[in-house]
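Fold and contact review
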Amino acid sequence: PTLLNDLWNHLHDLRVLWELAVIATAIALAWWASRRMDAQGSPDDTAHFTVGGLQRLQFPLTALILVLIGRAVLKQWQPVSLLNIAVPLLTALAVVRVVVYVLRRVFAPGSWVRSSERVISWSVWIGLALYVTGLAPQLIQFLDELAFTVGDSRVTVLVILNGTLAVLATLL
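Described in the following lines is the structure provided in the data block. Since this is a predicted model, take the numbers as computed values, not measurements.

**Topic: the overall build of the protein**
Regarding its fold elements, the protein presents seven helices and two strands. The order of helices and strands in the protein, counted from the N terminus, is α-α-α-α-α-α-β-β-α. Out of the 172 residues in the protein, the part that is buried amounts to 33%. Here the protein has roughly 11400 Å² of accessible surface; of this, 68% comes from carbon and sulfur atoms.

As structure tokens, then:
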């Protein structure tokens, strides 16, 4: 059972409107809070890096917290399959925003920064799609089965990808 299957099975239930109300309220309140923070602006240049990052994270994190609260409350009375999809969506949005913000602040503007932003964004959204559709475990298993031997060691494509990501994360 994937998140999409659960959602599909519960879409015919009118109680899904409560989930839509939670999502709409969370997004509206997060948007309002984000606008309030934008209006206040940065106190000085030394705090610009931190405040700028917080402003970019304000919307997705506020919406995520409100959706998590709404999901905890609604879970007592009904299935929350729509909210179960909204949580990873908002998390992915927060991850994309913070990584892109850090890239823009740490490195000088250039075409490689823009292309890196796109690669990171696409990677996060593809990972989200694999998670929501339930294909992530199958892909991980497939990558773990693709292997070759170096001496006495078995090297898998999954290990190579994990190592590459660890090195890139360390370099950034």
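**Observations regarding the layout of surface pockets**
Estimates place the volume of the largest pocket at around 830 Å³. Forming the walls of the largest pocket are 27 residues, and the residues nearest its centre are Val119, Ile120, Ser123, Leu165 and Leu168. When contributions to the lining of the largest pocket are tallied by element, the ones reaching two or more residues are α4 (81–106), α5 (111–133), α6 (136–145) and α7 (157–171). A per-element tally of the lining of the largest pocket places α5 first, with 10 residues. The residue makeup of the lining of the largest pocket, split by class, is 23 nonpolar, four polar and no charged.

**What about the pattern of salt bridges?**
It is possible for side chains bearing opposite charge to pair when their charged atoms get close. What the rule picks out here adds up to two salt bridges. Among the ionic pairs, Arg15 bridges to Asp13, the shortest N-O distance being 2.8 Å. Between Arg104 and Glu117 there is a salt bridge whose closest N-O contact spans 2.9 Å. Taken together, the positions of Arg104 in helix α4 and Glu117 in helix α5 put the pair 13 residues apart, joining distant regions of the chain. A relative accessible area of 52% means that Arg104 is categorised as exposed.

**Here's the deal with the nonpolar core**
Judged by nonpolar contacts, the single largest core of 25 residues is most densely connected at Val67 and Leu83. Those elements that provide at least two residues to this core are α1 (3–10), α2 (16–40), α3 (48–74), α4 and α5. Examining the composition of this core, we find that nine residues originate from one element, α4, more than from any other. Apart from residues lying up to four places away in sequence, Leu83 is in contact with Glu19, Val22, Ile23, Val67, Gly70, Arg71 and Leu74.

**Let's talk about a nonpolar patch on the surface**
Nonpolar side chains collect at one region of the surface, where Ile65, Ile69, Val73 and Trp77 lie side by side and expose about 430 Å² of accessible area between them. Along the polypeptide, Ile65 turns up in helix α3.

Scoring rules and cut-offs
- Residues numbered from 1 in each chain as written.
- Predicted model: local features only at pLDDT ≥ 70, side-chain atom pairs only at ≥ 80, totals over all residues.
- Heavy atoms only, no water.
- Helix = DSSP H or I, 4+ residues; strand = E, 2+ residues; numbered from the N terminus.
- Buried < 20%, exposed > 50% of the residue type's maximum accessible area, 1.4 Å probe, protein only.
- Areas by Shrake-Rupley, 256 points an atom, 1.4 Å probe, with all protein chains shown as cover.
- 1 Å grid on protein atoms, 1.4 Å probe; cavity = no way out; pocket = protein on both sides within 12 Å on 5 of 7 lines; lining within 4 Å.
- Points joined across faces, edges and corners; volume = space filled by probe spheres on them.
- Nonpolar A, V, L, I, M, F, W, Y, C, P; charged D, E, K, R; others polar.
- Salt bridge = Lys/Arg side-chain N within 4 Å of Asp/Glu carboxyl O.
- Core = buried A, V, L, I, M, F, W, Y, C linked by side-chain atoms within 4.5 Å.
- Contact = heavy atoms within 4.5 Å.
- Patch = residues over 30% accessible without salt bridge, like charges linked within 9 Å, V, L, I, M, F, W, Y side chains within 5 Å.

The values are spatial; any link to function lies outside them.
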